[in-house]
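Take a look at the letters that make up each chain.
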Amino acid sequence: MERALAIMLLVTIVLAATTSGVIAMDIKHKDLASEDSLQELYERWYEHYSVTRDLDDKARRFKVFKENARMIHKFNQGDTPYKLSLNLFADMTDEEVHRAYGHCSNIKSDGRKHRRRHGPFRRDALVSRKGLPASVDWRRGPSAVTSVKLQGTYCGSCWAFAATAAVEGINFIRTRNLTSLSAQQLVDCDKGNGGCNGGFAKLGFKYIMQSGGIETEAKYPYVGHENGHCSVPKPNRNPVVTIDGYKQVVPNEVVALEQAVATQPVVVGVDSNSTALLRYGRGVFVGPCGTNLDHEMTVVGYGTSHEYKNPVRYWIVKNSWGTDWGENGYIRIARRLKGQPKGGICGILIDASYPVKFSRKGTMIS
Ligand SMILES: *[C@@H]1O[C@H](CO)[C@@H](O)[C@H](O)[C@H]1NC(C)=O
Ligand SMILES: *[C@@H]1O[C@H](CO)[C@@H](O)[C@H](O)[C@H]1NC(C)=O
């Protein structure tokens, strides 16, 4: 009895701590009132995210933090379907964040752009919108989506996490087994991609096909930098998860991406080089952002939000910037927004792809 009470108390404390943490990071007018209140806000943020900076750096970072806090507070007074937040990037400049976390796809090691090549296109006839479910969420029971990962400060491995998320999804759909797969294997072993210098999820799919499979995260864990060697034998005779191919979603067609996402999680390219995206907090993201794809994430569903004055349709997108960014690591990006660019918000419709995995009997269910 006493023990049950103690556990309940503990649960309450943990819950309270989590909730107050979130509330603490909402900026109020009075937080911006003076240098002291801003300093307090910075200290609260600093503890909340358990960051460590040396003292000189901290003074410089406080300056950046103040500017960000003012900008975010001002933006959040406006009328938009999404809000910005003092997320884990709050004391970094846009350029620092983009260099560290975005900028991981479509980039050659010398900083020049790769030509994006399209893979095999999906040949299925497009269904009409009416034939599709109104909403899809692959995280909902039983989940086809593993926990959100953190790519870390100086490894441009978004493409590897986007690829593993999509393979985890189709593997679960075919085998009912949800297992985190090794992004590190892609970073170390996939010579078609650039490791921490960036790459493309679809080349990652190609590697997984050709090398005979991918290991679990548990067996080949992520370290956030290149190991300098590949730790799986070639060919891998004991691969954990295999795929049979990959396909490209017809570009610039909302219904084509909806159809693909209704079938399984799908990798998308996006433009991450905007203040709004880097500082995204919650709600349905509508930009402003460009369509110059430099980041990859995985769409794990779509739906319609009624939190704003008018309904806003969205994609549910899993990122690899940890759970302290966005909505527990996810961003909802507007879908079918009036007047959106041809390539979709942040270019989300331009370059979508997904792995193909046959069912055990060797027939394709999709
Ligand atoms: C799921 O797959 C992993 C990796 O192959 C394996 O270790 C685990 O035992 C499987 N789980 C179940 C319940 O089959
Ligand atoms: C990101 O956007 C900024 C502002 O638009 C621009 O100056 C910068 O060159 C961009 N960075 C990259 C790597 O494209």
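Calculation notes
- Residues numbered from 1 in each chain as written.
- Chains lettered and ligands numbered in written order.
- Predicted model: local features only at pLDDT ≥ 70, side-chain atom pairs only at ≥ 80, totals over all residues.
- Heavy atoms only, no water.
- Buried < 20%, exposed > 50% of the residue type's maximum accessible area, 1.4 Å probe, protein only.
- Helix = DSSP H or I, 4+ residues; strand = E, 2+ residues; numbered from the N terminus.
- Pairing = 2+ DSSP bridges.
- Near = heavy atom within 4 Å.
- Polar contact = N/O pair within 3.5 Å; in protein donor to acceptor, adjacent residues only side chain to side chain.
- Areas by Shrake-Rupley, 256 points an atom, 1.4 Å probe, with all protein chains shown as cover.
- Nonpolar A, V, L, I, M, F, W, Y, C, P; charged D, E, K, R; others polar.
- Axes fitted to C-alpha atoms, helices over the stretch in contact; angles between N-to-C directions.
- Parallel < 35°, antiparallel > 145°, perpendicular 65-115°, else oblique.
- Left-handed = near helix turned anticlockwise from the far one by under 90°.
- Contact = heavy atoms within 4.5 Å.

A. Quick look at the pairing of strand β4 (residues 266-270). Summarising burial for β4: five of the five residues are buried, a large majority. Here β4 shows no split at all, with Val-266, Val-268 and Val-270 on one side and Val-267 and Gly-269 on the other all buried. Here β4 runs beside strand β9 (residues 352-356); their pairing, made up of two bridges, is antiparallel. In the sheet register, Val-268 faces β9, and the bridge partner there is Ala-352.

B. Quick look at the site of ligand 2. Around ligand 2 sit His-98, His-103 and Asn-273, and that is every residue in its neighbourhood. In the model, an oxygen atom of ligand 2 is placed 2.3 Å from a nitrogen or oxygen of the Asn-273 side chain. Its free accessible area being 360 Å², ligand 2 has 28% of it covered by the protein chains.

C. A look at the site of ligand 1. Taken together, Asn-177, Thr-179, Thr-216 and Val-240 are the residues near ligand 1. Measuring from an oxygen atom of ligand 1, one finds a side-chain N or O atom of Asn-177 at 2.3 Å. Thr-179 is positioned such that a nitrogen or oxygen atom in its side chain is 3.4 Å from an oxygen atom of ligand 1. Notes on ligand 1: free accessible area 360 Å², of which the protein chains cover 30%. Across the shell around ligand 1, the residue classes break down as one nonpolar, three polar and no charged.

D. Representation of the packing of helix α5 (residues 158-175) against helix α7 (residues 201-211). Where α5 contacts α7, the axes come no closer than 8 Å and their chain directions differ by 60°. Regarding the angle of α5 to α7, the classification is oblique. Once α5 is placed against α7, the crossing between them reads as right-handed. Two secondary-structure elements touch here, α5 through Trp-159, Ala-162, Ala-163, Ala-166 and Val-167 and α7 through Ala-201, Phe-205 and Ile-208. Residue classes in the contact of α5 with α7 are distributed as eight nonpolar, no polar and no charged.

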